[in-house]
Amino acid sequence: MGKSYLKGIIILLICFFIILPSSFESAEANNNPEAINGMLDLANWNWEQDGIVSLKGEWEFYWQQLLTPEDFHNRNLAGENETITVPSTWNNHKVKGKEITGIGYGTYRLLVNASGNQMLGVKIPKIFTSYNLWINGELVATYETVNIQNKSVPNYYPRVIYFKPDTDTLEFIFQVANYRHRSGGIAENVLLGTGTQINNSIVKNIAFDLFLFGSIFIIGFYHLAFFIFRPKDKSSLYFGLFSVLISLRTLFVGEIYFLYLFPSFSWEIAHKIHTLTYYIGVPIFIMLIKSIFPNYISKIIIYLVNIVGLGFALIVLLTPTTIFTYVNPIYQLFTLVLVPYVLYILFTACSQRREGSIIIAIGAGILILATINDIIYLSVVMMDSQNLLIKSIITKGNLSSWGLLAFVFAQSLVLAKNFAKSFARVELMTEKFQRLNESLEEKVTERTQDLETSKKELEKAYQAVSRSEKSRQHLVQNISHDLRTPLTAIQGYVCAILDGIVKEPKQQLNYLDRVIKKVAILDQMVKELLELSKLESRQLQLNVYLLPLKLFVEQAAEKYSLDMRNTIIEFKVNFPSELKNDSNWAKDLFAKVDMDQLDRVFANLFSNALNHTTEGCQVELTFKLTEDNKKLLIIVTDTGVGISENDLPHVFERFYKVSKARQTSHQSSGLGLAIAKEIVEYHGGEIWAESNLGQGSSFFFTLPIHVKSDDRL
């Protein structure tokens, strides 16, 4: 096998397995409970964690009765009901010992025990072929002609109903009537979830359907256009027709997006189009294989497939749904018989090393497997059986479109390889120019990256210089203004002694003692100003390390409980409920902190609280997680004198003097809260205060929370 083929196969498999898994995602939860005797217990179901639930299992079933909620509440129906498995048709289901057919009507009922008071959504699947739905006694979906007189209007495209239950028990009642299809009843899962979950599921499914339609249709149209300009290549014609046909089918399966666009479109015509795409698609696919490998398929097989496909297509066109749906299993069996023959053709072509055969065989093989899955999923046996093992294995249909997409990739790769050979000479002629151009682009890219790097470094340097300049201005302003008061006082005390105003030795000692105290305050103020300037300019490096969030909270609570034990106030600590238990989730949370610097924040806040409370008051330290679980919120609350509305916005400013109601005799530099603010912001958090005068104050600050798997760790 050549390197080019190996690359093609690798590309095909990568592309297919990137997009395919999303099509297998089921909206149904893995631990889905099942209904038993018409009851489904969802009392312990967590909608946010467990997701959408399928209302599968045993439903109450009342054959040849169209019952309403009033009938269940006013009549004694005990002994009249059967149980039927959903999803499945009612064909061959035994009612009072007799098997019933798909034609008729009946009532389904399910009681669901579900806790929670939130907006829910129920996704109603295709139901053969008309229905009314009551939820908790309210008619939420209806087709007025559902009756017993063979006049029901067929229309079974999926729908979504949103409702908000007012009780913990949900009652679902379906009236179902079928006179147009061989199968009757609820053949697919009814899904229940929150409104958001159901809506997201619908949007996702429609997005996949439209992606498939657009991708396959454009590629099919491209191949048809290619055939117009190069009629000799018949494979482009058949491949284009097959792609356009299957792309059309994607609008009539799954969410049936076509009926969302045209809700009044005839159900029977839509069903005929859906069926015809399958009946006609098989002969076109065989013709495509014939055009790619012309010497491997017998002409007799070609004639046979075309005649059978045309015959079944005429049956669909000329007969109503009640007739042609009965012959569909025969055509499905005919398709399955063709599969071994096609696989034999592909194997023979690969063994003889026909050009492009391996890549095409892989794509065709995936398409065949997906088609077999759909045939089994939509087969009479699957739809009519209630307890069949294969139903737990094949749980999703409509995969043939994804299989075609794989086949499209394979065909495109072979076509791309042929184009590559055609342009080989052009590439040789332009190779030197491309090399020169690539070299120039690399140089431009390299220079651009260097310039971007330099720009970022200059921006960082500019920001650092700006912070330093701002810090320098603040420091000069503080030295020239706020330090003048203690210096003036010191000068006054000394002059009073030198000028002989204070003559008594004892009074002179008192003045000198005041000078010493003022100098100490001045020294502390200068130190705090220098440290505040370093924090503002980010010249002070934090000594941060990772600390488990629970350990951080416990250590802080223990430390400050001991510090506050000997004070005159009552101290209380509130822990976040999320961290009280040893959950695996809590163990993955960390704080990235400099404990020495955070101690200063706590010390300033507690000092501030103590200085403005009196005996008998209370100080609380509260830890809690924000709603998004991304930050730890820390609150220091006191029941002291409070802060006025005018002072509150300025409490974190340097040397700000609060109103007299907040002032105490405590000597403070006036820089504590400003330093606390810089430390918190340096950690990536925020700090603010809330207060009412005379009712106490609360200081809040946040710290970012890091998760164990976070790349930033």
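All chains use their own residue numbering, which begins from 1 and follows the written sequence. Two thresholds apply to this predicted model, a pLDDT of at least 70 for residue-level local features and 80 or more for giving and counting side-chain atom pairs, whereas whole-chain, interface and lining totals are computed over all residues. Side-chain figures throughout are based on the complete set of non-hydrogen atoms in the structure, without hydrogens or water.

## Topic: the confidence of the model for the chain
One confidence number per residue, pLDDT, is output by the predictor and ranges from 0 to 100. In this model, the chain carries an average pLDDT of 77, and 75% of its residues clear a pLDDT of 70 or more. With pLDDT under 50 throughout, residues 15–27 is counted as low confidence; its partners more than four residues away or in other chains account for 20 contacts. Residues count as neighbours in contact if any of their non-hydrogen atoms are within 4.5 Å of one another.

## Details of the environment of Ile198
The secondary structure listing takes helices from DSSP runs of H or I that are at least 4 residues long and strands from runs of E that are at least 2 residues long, numbered from the N terminus. Along the chain, Ile198 turns up in helix α4 (residues 195–229). For each residue, the accessible area found with a 1.4 Å probe, counting protein chains only, is set against the maximum for its type, and the residue is called buried under 20%, exposed over 50%, and partly exposed in between. What makes Ile198 buried here is its relative accessible area of 1%. Along the primary structure Ile198 and Gly121 are separated by 77 residues, whereas in three dimensions their C-alpha atoms are 5.9 Å apart. Residues contacting Ile198, with those up to four places away along its chain left out, are Ile52, Gly121, Lys123, Val160, Leu191, Leu192 and Gly193.

## A few points about the pattern of salt bridges
By definition, a salt bridge exists where a carboxyl oxygen of Asp or Glu is found within 4 Å of a side-chain nitrogen of Lys or Arg. Summed over the entire model, instances satisfying the criterion amount to five salt bridges. In this structure, Lys559 engages Asp599 in a salt bridge whose closest nitrogen and oxygen atoms are separated by 2.9 Å. Of this pair, Lys559 sits in helix α16 (residues 549–563) while Asp599 sits in helix α18 (residues 595–611); the two residues are 40 residues apart in sequence, bridging distant segments of the chain. Take Lys559: its relative accessible area is 36%, and that puts it in the partly exposed class. For Glu681, the salt bridge identified is with Lys677, shortest N-O distance 2.9 Å. You can see Glu681 and its partner Lys677 sitting in helix α19 (residues 672–682), four residues apart, about one turn around the helix. Residue classification places Glu681 among the partly exposed positions, given a relative accessible area of 32%. A single network of salt bridges, built from pairs that share partners, joins Glu60, Arg109 and Glu171.

## Regarding the nonpolar core
Counting 55 residues, the largest nonpolar core has Phe285, Phe293, Tyr331, Leu346, Leu404 and Phe407 as the members making the most contacts within it. Of all the secondary-structure elements, those providing two or more residues to this core are α4, α5 (234–250), α7 (267–292), α8 (299–318), α9 (321–351), α10 (357–377) and α12 (400–422). It is α7 that provides the largest number of residues to this core, a total of 11 residues. What Leu346 contacts, discounting residues up to four positions off in sequence, is Ile289, Phe293, Ala361, Ala364 and Ile368. Val553, Val593, Phe606 and Phe623 belong to the second-largest nonpolar core, a separate cluster that totals 44 residues. For this analysis, a nonpolar core means a set of buried residues of the types Ala, Val, Leu, Ile, Met, Phe, Trp, Tyr and Cys, connected via side-chain atoms within 4.5 Å.

## Here's the deal with the packing of α7 against α9
As a rule, the C-alpha atoms of each element are fitted with a line to give its axis, helices using only the stretch in contact, and angles between N-to-C directions run from 0 to 180 degrees. Where α7 meets α9, the axes come as close as 11 Å, and the angle between the chain directions of the two elements is 20°. When the axis of α7 is compared with that of α9, the two are roughly parallel. Classified by chirality, the crossing of α9 by α7 is left-handed. Contacts between α7 and α9 involve Trp267, Glu268, His271, Lys272, Thr275, Tyr278, Tyr279, Val282, Pro283, Phe285, Ile286 and Ile289 from the former and Thr321, Phe324, Thr325, Val327, Asn328, Tyr331, Gln332, Thr335, Leu338, Val342, Ile345 and Leu346 from the latter. Note on residue classes: Ala, Val, Leu, Ile, Met, Phe, Trp, Tyr, Cys and Pro are nonpolar, Asp, Glu, Lys and Arg are charged, and everything else, Gly too, is polar. Across the contact of α7 with α9, the residue classes break down as 15 nonpolar, seven polar and two charged. For this classification, under 35 degrees means roughly parallel, over 145 means roughly antiparallel, 65 to 115 means roughly perpendicular, and everything else is oblique. Each helix crossing is assigned a hand: it is left-handed if the near helix lies turned anticlockwise from the far helix by less than a right angle, otherwise right-handed if that turn is clockwise.

## Describing the sheet that holds strand β8 (residues 120–124)
Backbone hydrogen bonds are what pair the strands of a sheet, in a parallel or an antiparallel way. Ordered in space as β2-β15-β8-β12, the four strands form an open sheet in which the pairing is antiparallel. Strands with a single pairing partner mark the edges of an open sheet, and in this sheet they are β2 (53–54) and β12 (159–163). Strand pairing is defined by DSSP finding a minimum of two bridges between the two strands. Of the strand pairs in this sheet, β8 and β12 are connected by five bridges, and their pairing is antiparallel. Paired with Val122 across the strands is Ile161, a residue of β12. Across the sheet, α4 is in contact with β8, β12 and β15 (191–194); its angle to β15 comes to roughly 120°.

## Considerations on a nonpolar patch on the surface
On the surface, Leu310, Leu314, Leu317 and Leu318 cluster together to form a nonpolar patch covering roughly 440 Å² of accessible area. Among the structural elements, Leu317 can be located in helix α8. Residue Leu317 is classed as exposed on the basis of its relative accessible area of 52%. Nonpolar side chains (Val, Leu, Ile, Met, Phe, Trp, Tyr) are joined into patches within 5 Å and like charges within 9 Å, using only residues with over 30% relative accessible area and no salt bridge. Using the Shrake-Rupley algorithm and a 1.4 Å probe, accessible areas are obtained, with residue cover drawn only from the displayed protein chains.

## Quick look at the packing of α4 against α5
One way to put it is that α4 packs onto α5 with a least axis distance of 7 Å and a crossing angle of 155°. Here α4 lies roughly antiparallel to α5, going by the angle between them. Crossing of α4 against α5: the hand is left-handed. Where α4 approaches α5, its residues Asp209, Leu212, Phe213, Ile216, Phe217, Ile219, Gly220, Phe221, His223, Leu224, Phe226 and Phe227 are matched on the opposing element by Lys234, Ser236, Leu237, Phe239, Gly240, Leu241, Ser243, Val244, Ser247, Leu248 and Thr250. Of the residues contributing to the contact of α4 with α5, the split by class is 14 nonpolar, seven polar and two charged.

## Here we look at the environment of Ile362
As for its position among the elements, Ile362 is in helix α10. In this structure Ile362 comes out as partly exposed when scored by relative accessible area, which is 24%.

## Focus: unusual backbone geometry
Residues other than glycine predominantly adopt negative phi, and peptide bonds predominantly adopt the trans conformation. Following Val86, the chain continues into Pro87 via a peptide bond in cis, with omega recorded as 10°. Within the secondary structure, Pro87 sits in the loop between β4 (82–86) and β5 (94–95). The backbone phi angle of Lys96 is positive, close to 55°, even though this residue is not glycine. In this fold, Lys96 is placed in the loop between β5 and β6 (98–99). In the Ramachandran plot, Asn136 falls in the positive-phi region, its phi being about 50° despite a non-glycine side chain. Structurally, Asn136 is set in the loop between β10 (130–135) and β11 (138–141). With relative accessibility at 29%, the residue Asn136 sits in the partly exposed group.

## So, a negative patch on the surface
Together, Glu438, Glu441, Glu442, Glu446 and Asp450 make up a region of like negative charge exposed at the surface. Inspection of the secondary structure puts Glu446 in helix α13 (residues 424–481). Judged by relative accessible area, which is 48%, Glu446 ranks as partly exposed. Charge convention: Lys and Arg are scored as positive, Asp and Glu as negative, and His as well as the terminal groups of each chain are ignored. By convention, the charge on Lys lies at NZ, on Arg at CZ, on Asp at CG and on Glu at CD.

## Some words on the side chain of Ser697
Among the secondary structure elements, Ser697 is positioned in strand β22 (residues 697–707). At a separation of 2.9 Å, a polar atom in the side chain of Ser697 contacts the side chain of Ser691. Distance and chemistry together define a polar contact, namely a pair of N or O atoms within 3.5 Å, with one atom able to donate a hydrogen and the other to accept it when in protein, and with adjacent residues in sequence counting only for side-chain atoms on both sides.

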